[in-house]
Amino acid sequence: MNILATQYSLPRKSLEIYVSGCKGDDAFGHCHNCHNPETWDFNQGIYYKDELPRILTKIEDFSSLIKRVEIFGGEPNDQNLEELEDLLTILKNTNKELWVWTRYNLKDCPEFEKELCDYIKTGEYNEILKCEDNIQYGIKLATSNQKINKKGIDY
């Protein structure tokens, strides 16, 4: 699993981590009008274990500014799942909220992800279901089929 990029989101007070690689849907390909098509290639970025020291240093150095760590893609659940579990386990130890953003439904997310993550955003981007009023936990989601699942409430 490779890390393509990291960035800080001021509105959410989060460190965003982008993994590279998305298989898309077997029947339909990638989400139409995907917001991040540059992340589809699995061969981009830096191997996560090589990038992890820099990520952990960012979290430590800017701890008072970072409330949560969010994993985006590509598609996190299309990665090597042993490596994803390792990454999530290490990030969980930072004592920040841990979020994963996935196109998968909650029932299709790995059990370790449900155990480790505080929130899991589920549901693929579906342009037909685009909306302006799907706001959950202070975050505006792009389509009505998407949901933010909170540990202890939704799973």
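The rules we used
- Residues numbered from 1 in each chain as written.
- Predicted model: local features only at pLDDT ≥ 70, side-chain atom pairs only at ≥ 80, totals over all residues.
- Heavy atoms only, no water.
- Buried < 20%, exposed > 50% of the residue type's maximum accessible area, 1.4 Å probe, protein only.
- Helix = DSSP H or I, 4+ residues; strand = E, 2+ residues; numbered from the N terminus.
- Pairing = 2+ DSSP bridges.
- Right-handed = clockwise from strand over helix to strand, strands pointing away.
- Polar contact = N/O pair within 3.5 Å; in protein donor to acceptor, adjacent residues only side chain to side chain.
- Core = buried A, V, L, I, M, F, W, Y, C linked by side-chain atoms within 4.5 Å.
- 1 Å grid on protein atoms, 1.4 Å probe; cavity = no way out; pocket = protein on both sides within 12 Å on 5 of 7 lines; lining within 4 Å.
- Points joined across faces, edges and corners; volume = space filled by probe spheres on them.
- Nonpolar A, V, L, I, M, F, W, Y, C, P; charged D, E, K, R; others polar.
- Contact = heavy atoms within 4.5 Å.
- Salt bridge = Lys/Arg side-chain N within 4 Å of Asp/Glu carboxyl O.

Asks: Any chance you could explain the pairing of strand S5 (residues 97-101) here in plain terms?
Replies: Working note: regular strand, side chains alternate between the two faces of the sheet. For S5, the buried fraction is high: four of the five residues fall into the buried class. As paired strands, strand S4 (residues 68-72) and S5 are joined by four bridges and run parallel to one another. Residue pairing in the sheet places Arg68 in a bridge with Glu97 of S5. Traced from S4 through helix H2 (residues 81-92) to S5, the parallel crossover comes out right-handed. With respect to chirality, the unit in which S5 leads through helix H3 (residues 111-116) into the neighbouring parallel strand S6 (residues 119-122) is right-handed.

Asks: Help me understand the environment of Glu132, please; the structure alone is not making it clear to me.
Replies: Relative to the elements of secondary structure, Glu132 occurs in the loop between S6 and strand S7 (135-136). Overall, Glu132 belongs to the exposed group, its relative accessible area being 55%. In this structure the C-alpha to C-alpha distance between Glu132 and Thr143, which are eleven residues apart in sequence, comes to 7.8 Å. Here Lys140 takes part through its side chain, which lies 2.4 Å from a polar atom of the side chain of Glu132.

Asks: Can you walk me through the nonpolar core in this structure?
Replies: A general feature of soluble globular proteins is that nonpolar side chains tend to end up buried together. In terms of nonpolar packing, the biggest core is built from 24 residues, with Ile71, Leu87, Leu88 and Leu91 touching the most fellow members. Sorting the residues of this core by element identifies strand S2 (14-19), helix H1 (48-61), S4, H2, S5 and H3 as the ones contributing at least two each. Membership of the second largest hydrophobic core comes to eight residues, among which are Tyr18, Trp99, Ile139 and Ile148.

Asks: Looking at this model, I keep getting lost on the layout of surface pockets. Mind explaining?
Replies: In this approach, a probe sized like a water molecule rolls over the atoms, and the result shows the empty space that is left. The computed volume of the largest pocket comes to approximately 580 Å³. Among the residues making up the lining of the largest pocket, the classes are represented as twelve nonpolar, nine polar and eight charged.

Asks: Would you take a moment to explain the side chain of Asn134 for this structure?
Replies: Looking at the secondary structure, you find Asn134 in the loop between S6 and S7. Under the relative-accessibility criterion, Asn134 is labelled buried at 10%. Side-chain polar atoms of Asn134 contact the backbone oxygen of Thr143, separated by 2.9 Å. Beyond its immediate chain neighbours, meaning those up to four positions away, Asn134 contacts Ile139, Lys140, Leu141, Thr143, Ser144 and Gln146.

Asks: Got a minute to help me understand the pattern of salt bridges in this structure?
Replies: Pairing is possible between side chains that carry opposite charge, provided their charged atoms lie close to one another. One pass over the full model with this rule turns up eleven salt bridges. The salt bridge involving Lys49 is made with Asp86; its shortest N-O contact spans 3.6 Å. You can see Lys49 sitting in helix H1 and its partner Asp86 sitting in helix H2, a full 37 residues away along the chain. Between Asp78 and Arg103 there is a salt bridge, with its nearest N and O atoms 3.2 Å apart. Note that Asp78 is positioned in the loop between S4 and H2 and Arg103 in the loop between S5 and H3, a separation of 25 residues in sequence. Judged by its relative accessible area of 4%, Asp78 is buried.

The analysis is restricted to geometry; functional conclusions fall outside its scope.
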